[in-house]
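# Commentary on secondary and tertiary structure
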Amino acid sequence: MEYFLKSFAGKKVFWFKDKNQYLVSESSFSILLEKCIQGISFDTFIAYCKDKFKLSEEEGHSLFENCTAIIVHINSLPIISDQQLTSHLPHIYFEVYSSVSYHWNGKRIHVNYGSKQLEDCIHPKFSHLQIAEEIDLPVQSTFNIFEHNNQIVLRVDEDLVGTWSYEDSHLFQGKFSMKFLSQLTGKEDCDWLATLHASAVYKQGFCLVLLGESGKGKSTTTSLLMTHGYELLADDFLPIEAHSKKAFPFPQAISIKNNIEQLTQYFPVLTKATSRQKNSEVQFRYLYPEIDLNQKQSSKFCKAFVFVNYKKGSATKLMELSKTKALEALIPDSWISPVEENSMAFLDAILETPCYTLEYSRNSSMLNIMDQLMQDELQ
Amino acid sequence: MKEKENREIKESQNKVNRRDALKKFGKYAAVTALGTFILLNPQQAQASSPGAPGGGF
C-alpha cells in the first residue's frame, strides 16, 4: 500500500497512490495508522497506545479496529491507472452535422460535430471563439465528436480519447474541455495539477478563486467582480498548472443561473441572451466575456480560495476556513492528477493558500471586502 | 460450537457494516477524538457541472 503524507496544523493528509484516495486525520492517529499499515501486531499496538497516548485497552482496541477498517476499505478499492486511452479506432464513418473552427491563445482547433445534440452540448459555451473557416491560421488539431453504438465518441486527430454514455455527458464535456485546453496551449494531460469546479477573476497577475455548491452565486459574484476592474480567468472549470501551481485561464462562457435581474444593469446583453434549460428546474443564460483571441494566455497566482454563499438579507461576512474544511470541500469536487508529484503539489497549493467563506447579499460591501482581500488589507 | 459460529457471523457482519458505512459516508468518527478521520475521493475524471448546460439528451 503505497502512500504519501503532508502535515498541516496538527493534522496529516494521506494520499494512497494506487487508489487515488485521500485521508485527513489527527497527526497522532496517522502514527497509529502507519503502524497498522506496516503490520504491527494487536498486542504491540495496544501497548503502544497505553504508553504513548495513555489510552485504555478498550480505546486502543477501538482505534485498532478503525485502522483495520480503513486498511480493509482502501484495499477493497479498485486500482486507479493513470494510463491514457489512446488506442486507434478503425475509421468509423460519421456524417458531419456541422464543422466549427475555434481560436484562442493564438491557436486554432477544428471540431466536427456528428449531430445537433452534440453541437448543443459543446458549441454554445465556446461560440465566442468561433472564427471563419477561410481565415489563414493553421489547424492545431481536429476533434471529431459523434455517436457510435449509443455512445458519445471523442476522437482528437487519430487518437480515441474516450466514449461515454449520454448519462455521463458531463464527463464527456469535462474531457472535451481538458483536451481543448491542452491542444490550445500545447500541453499534455500530465501538465495539469487539477481542474477545480470553480470560477476565478484576476487583477495584476493575482487571482481570486471562487468556489461553492451550484446555485450559491459563484458565477454572479464572478460577473459582479468583472464590473469592478477584475478580469475573468475561468467559470465552472478552472485548470491548475502543474509546474507553477498557478490557475490557468479557460475561455468558457459564464453560465448565469440566478439573479439575471441583478446583472442586467451591468450586462444589458443578458436580457437578449437565449434562455437555456439546465434541468427541469433551472434555466440559465450565457454571458460571453470579451477575449483577445490572439493574446498569449498566462497563469495567475492564487491569492485566496473563497467559498461563496449569496444569501438574501445576510450581512457581508468573510471568515477564515480551516484547511480541513477546505480539503473536505475541494477534493471531492475536483479532478486531481493521480501522478505523485502532482497530487503532492496540489496539496501544497491548497495548504499554502488562504481559504475563506464569504456570505453576502449587498454587492457593494462584497466588492469592497474582495478588494481588501486582494490588496492584503483585510481588517 | 454453534455459539462460536454465531460470533463469527456477527463479527463478519460488523466488518461488512463498518466497511459499508465507510463506503457510504466516506467519513467515520471514532469513539475518541484522536481517531477522527475523513476519507476523501477526488473526481476520477474531469467533469463539467452535473447536469451541465447543453447536456439535455
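On a predicted model such as this, the values are computed, not experimentally measured, just so you know. (Residues numbered from 1 in each chain as written. Chains lettered and ligands numbered in written order. Predicted model: local features only at pLDDT ≥ 70, side-chain atom pairs only at ≥ 80, totals over all residues. Heavy atoms only, no water.)

Now for the overall build of chain B. On a plain count of helices and strands, chain B comes out with 1 helix and 2 strands. Tracing chain B from N to C terminus, the helices and strands come up as α-β-β. Across the 57 residues in chain B, those meeting the buried criterion constitute 30%. Total accessible area on chain B is roughly 3800 Å²; 52% of this is exposed by carbon and sulfur atoms. (Helix = DSSP H or I, 4+ residues; strand = E, 2+ residues; numbered from the N terminus. Buried < 20%, exposed > 50% of the residue type's maximum accessible area, 1.4 Å probe, protein only. Areas by Shrake-Rupley, 256 points an atom, 1.4 Å probe, with all protein chains shown as cover.)

How two helices pack is summed up by the angle between their axes together with the distance between the axes. Residue and element names in this part refer to chain A. In contact at an axis separation of 9 Å, helix 1 (residues 27–37) and helix 3 (residues 57–76) are set at 60° when each is read in the N-to-C sense. Relative to helix 3, helix 1 is oriented so that their crossing is right-handed. From helix 1, F29, L32, L33, C36 and I37 reach across to helix 3, where they touch L63, F64, N66, C67, I70 and I71. Its residues assigned to classes, the contact of helix 1 with helix 3 comprises 10 nonpolar, 1 polar and no charged. (Axes fitted to C-alpha atoms, helices over the stretch in contact; angles between N-to-C directions. Left-handed = near helix turned anticlockwise from the far one by under 90°. Contact = heavy atoms within 4.5 Å. Nonpolar A, V, L, I, M, F, W, Y, C, P; charged D, E, K, R; others polar.)

Counting through the fold element by element, G106(A) comes out in the loop between strand 4 (98–104) and strand 5 (107–113). The sequence separation of G106(A) and F94(A) amounts to 12 residues, and the corresponding C-alpha distance is 30 Å.

This next bit is on the interface of chain B and chain A. Residue-level contacts link 33 residues of chain B with 54 residues of chain A. The contact between chain B and chain A buries some 3800 Å² in all, and 60% of this surface belongs to carbon and sulfur atoms. Linking chain B to chain A there are 0 salt bridges. Taken together, the connections running from chain B to chain A amount to 7 residue pairs in polar contact (both at pLDDT 80 or more). When residues of the side of chain B that touches chain A are traced back to their parent elements, those giving at least two are helix 1 (2–25), strand 1 (27–28) and strand 2 (37–40) of chain B. When grouped by side-chain class, the residues that make up the side of chain B that touches chain A number 17 nonpolar, 12 polar and 4 charged. Note: strand 3 (residues 21–26) of chain A against strand 2 of chain B, 4 bridges, orientation antiparallel. (Buried area = accessible area lost by both parts, 1.4 Å probe. Salt bridge = Lys/Arg side-chain N within 4 Å of Asp/Glu carboxyl O. Polar contact = N/O pair within 3.5 Å; in protein donor to acceptor, adjacent residues only side chain to side chain. Pairing = 2+ DSSP bridges.)

Bringing the sheet that holds strand 6 (residues 130–131) of chain A into the picture now. In spatial order, the strands read 6-4-5-7-8-9 (chain A); together these 6 strands make up an open sheet with mixed pairing. Whereas interior strands pair on both sides, the edge strands pair on one side only; in this sheet they are strand 6 and strand 9 (159–164) of chain A.

All names here are of chain A. Here helix 11 (residues 363–374) spans 16 Å end to end across 12 residues, near enough to the 16 Å set by a 1.5 Å rise per residue. Burial of helix 11 is extensive: 10 of the 12 residues sit out of reach of the surface. Turning to helix 11, its buried residues number three or more, namely N363, S365, M366, L367, I369, M370, D371, Q372, L373 and M374. Once helix 11 ends, the next one or two residues include D376, with phi positive near 55°. (Expected span 1.5 Å × (residues − 1).)

Our focus in this paragraph is the side chain of N342(A). Residue and element names in this part refer to chain A. The residue N342 is located in helix 10 (residues 340–352) in this model. A residue is classified by how much of its surface remains accessible, and N342, at 8% relative accessible area, is buried. For N342, the residues in contact, after removing those within four places along its chain, are C190, W192, L193, A242 and S337.

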